[in-house]
Structures are given as C-alpha cells and as structure tokens.
Amino acid sequence: MKKTLVSALTTALVVGAASTTFAAANPFSDVPADHWAYDAVSQLAADGVIEGYGDTTFRGNQNITRYEMAQMIAKAMAKTDVSAADKALIDKLAAEFSDELNNLGVRVSNLERNADMVKWNGQARYTYKSLRKENAAANGEGNGVKKRSNSDKLLFRLEPTAEVNSNWHVKARLDATTNLANDKGDDGNVKLQRVYAEGIYGNFQTQLGKFGFYTPEQGLVFDNEMSGANVTFGNNLKATIYAGRLDVSDDKGLYNKIYPDNDKTKAPLFNDDAANIQGITLQYASPASKWTGGAAYYHLNSDGFKGVTDSFNKNEAYTNGKNDEDNANIWSANLGYKFDKTNSLFAAYANNTTADNLDKAWQVIYNYKGAQAANKGTWGAYAAYRYLGTYTSIFGTEDAQVVGAKGWEVGANYAPFRNVLATAKYFNGKGIDSDRDVDTLWGRVQFFF
C-alpha cells in the first residue's frame, strides 16, 4: 500500500467526458499495491509533473483503480515541459494503461504502445583468418610441409530485446553469414543462435531458453550457446547454476584438431546431436577490490565422448570397443588482478578428470587498456600464453588460438570511429600432441548499431 503517494486527478471535464465510454474497461479494477506503476507515478509527482488530491494519499488505505490511474497519466501526457526521464515514465505508463486511456478519449496507438517495448541492436562485421599448420612428413620423419589456409567471412547480426514487464525481457540473436571466397552464405539461411527469457530481481537473475554460454575462464572452456536454464544469485560473490543441453552435432572438428592431416575415414565423427550438461560457477568481483577470482565445475554426458575422451590411440580407440566412457568432468579455477586502471593480469586453469590425454588447459593474459566501441580513439593491447588441451577446451574460444596447441598470442584493438571496432590477433605455437608448428593471423572489423 502506498499511503504517502502524491496522487492526481484530471479535471471534472475529463471525468464527465469519460463516464459514458469507460464501462468496457472495468473502471473499478484496482491496481495492485505492488504494481510498478505506483513507483512511476510517485516519481512523476515528486518531479512536479502531476498534482495530488490535496491530502497526499490514495484516500486512506484504498487501492487506486485503473480508472483513477489513467486520469493521472492523461494529465501527465498533456504536459510538454518534462524531462526525458519523466517522458520515458509517462510513455511506459501510457502503454500499460492504453485501454483505459483510449476510453478516456486519449488515443494510444499500437505503434505508440510498442515503440519502447522492443529494441534492436546488432552489428555488421568482417573477419579474416589465415591459419598455417605443419603436416606430417611423408616418410614419418623430419619436418613436414607447412600449408596455409585463408578464410574471409561477413556476418550480419540482429539482437532484439523485448520488454515483458519491469523484471522480465525476451532476447534473441539472429546471424546471417556470407563466405567471401565463394560469395555464398554458409547455409543459405538466417540462423537463430539464441532466444531466451531473462528475469532480474535484485541480486537474483535467471535465463530460460537458448542463451550465451561464456564462462568465467574467459573462453578457456566454453564460448558458445546452450539450451536450458541458469540461475545466478549474489552480489560481489556470485553463484551460477546451469542445466541443459549443448549442441555437439557439428563435431567442432574434434578428430581433426588432433590429427589434421589424417584420413577422416579412419575414425567416426563426434557422432551425437547434443550433450547433457550441468555446472556451477562461483565468481568474486568487487568494485572496491583489485582482485577477482573463482572456481567452476561442469559435468557433460554424451555418446559422442565414447572412444575420444579417454585412451587416445588412433589405431585402437575407435575399433576395439574398449573405450566406452561417455562423461566429461571438468573443473576450473581463475584469478585476476588489476594493477591500476590500465594494467591487469588474468590466469585460468582447467582439467577434464575423465580424459586420459590432452586433458589440461590453461592461459595467462596481460591486458593493457582496452578499446571501447562507443568512444572514438580508445585502444588496447594484450599478450597471452595459452595451452589448450583438446578434451578440456572442446568448446572454447577459437579466434587466433588453435585448440590442441600451445603457444604465444598477441593482439590489439582500436576504435577509429564511434561504434566501429578493429581487432587484430596473432598466435604462434605447436601442437600439444604432435609438436608440429602452427600459427594464425586473425583480424576483425565490427560496425555496431
């Protein structure tokens, strides 16, 4: 109950004009005491946009009706000298009480009702990648041939956000990609990458649907999407619990990350559509502290793991049926430190305790500044050493770094114009299992809108 709310009524003329037309909207339906509209009207009253009954209350302990609320909004809508913040509140109230306002003779079209309910963001980007790998020598001895492969891709992305109410939003991501090498789309269609409902209640947050899955190790273990649910609670120390399914149908090149120059027919692909996943992360970060840190545990289950996450003998793992482990159990820890506003250091380690080979992954990253797309002229640089064991970083970030390899990576980003960001990365290392040379030159230009 909002007893101290300064409420307002429109003039008797408005009331009289509305008396014959308002019956269809049930003028005696109360607005619940915990409705967000009370706080909105309270703010407008405090800003002097609307006036009160004179006793500064909602008539004692009575809830206000939707009819009375609509009258207040109608009077507020008639004001022209209001701030942008108050105008946004008025528009939001008008959308909520549009039926009552229409019955009062104050027209709110569907376009006006929904104008601020759905927002569109997105980007257009170009990505170039040049990857060079050393293949095995023909005689099995000495150095092999180094082959370079290049790719050029354009991506157009839309990310709509629709407001359900003050606590819930529905969000989505749609991607369309064109391969410039053949001037064709990757699949000829726009792909729905994400769609989920997000609810925020103070220090509690949840996501339901298919959402981004980027975990605190900064892309070391997961950088993709998952379908299911997560809940996050806490302030400086946040706990997040995940449960759902993870797409593995495209194989992510699993076999070829280890044996890129072998005959694919010697081994099956990662033959399953999706893996079950459950996980929990604990992460600490406070504006008052220079330290960040956390730990996580993830459990995955899929038939696709059989024969590839344990003993890794390419001549036996896929033929003798001895390797039937279908689980992956990954734990990780991370730690970061900010020296000042421009310098920071971050480290993360992860281990798949189920795998017998290529079961570890770790990285150390030094960051200097960092470009901000909205601020023209900002820039940043970093240097990192990465060790990306294939069966821990199966779903990790793959920009310049190569899963299944270890080595150094450097990069820089720059905002030449507002909402334009250019990024360049270079990785140089060797295969963890093969000890063969690999290097990557990677660049991207993004236009945000």
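Parameters and conventions
Residues numbered from 1 in each chain as written. Predicted model: local features only at pLDDT ≥ 70, side-chain atom pairs only at ≥ 80, totals over all residues. Heavy atoms only, no water. Helix = DSSP H or I, 4+ residues; strand = E, 2+ residues; numbered from the N terminus. Buried < 20%, exposed > 50% of the residue type's maximum accessible area, 1.4 Å probe, protein only. Contact = heavy atoms within 4.5 Å. Areas by Shrake-Rupley, 256 points an atom, 1.4 Å probe, with all protein chains shown as cover. Polar contact = N/O pair within 3.5 Å; in protein donor to acceptor, adjacent residues only side chain to side chain. pLDDT = per-residue confidence, 0-100.

Attention now goes to the overall build of the chain. Each helix and strand counted, the chain has seven helices and 17 strands in total. The burial tally for the chain puts 40% of its 449 residues in the buried class. A separation of at least 24 residues holds for 58% of the contacts in the chain among residues at least 6 apart in sequence. If you sum the accessible surface of the chain, you get close to 23000 Å²; carbon and sulfur atoms cover 53% of it.

With that out of the way, let us pick up the side chain of E198. Residue position: E198 is located in strand β5 (residues 191-201). E198 gets classed as buried once you look at its relative accessible area, which sits at 8%. In terms of polar contacts, E198 uses its side chain to reach the side chain of K171, at 2.9 Å. Within the local environment of E198, its side chain forms a polar contact with the side chain of Q207, the two groups lying 3.0 Å apart. The contacts of E198, once residues within four sequence positions are left out, are N167, W168, H169, K171, Q205, T206 and Q207.

The predicted model of the chain averages 79 in pLDDT, with 75% of residues at 70 or higher. Scored below 50 in pLDDT, residues 1-28 makes 60 contacts in the model with residues more than four places away or belonging to other chains.

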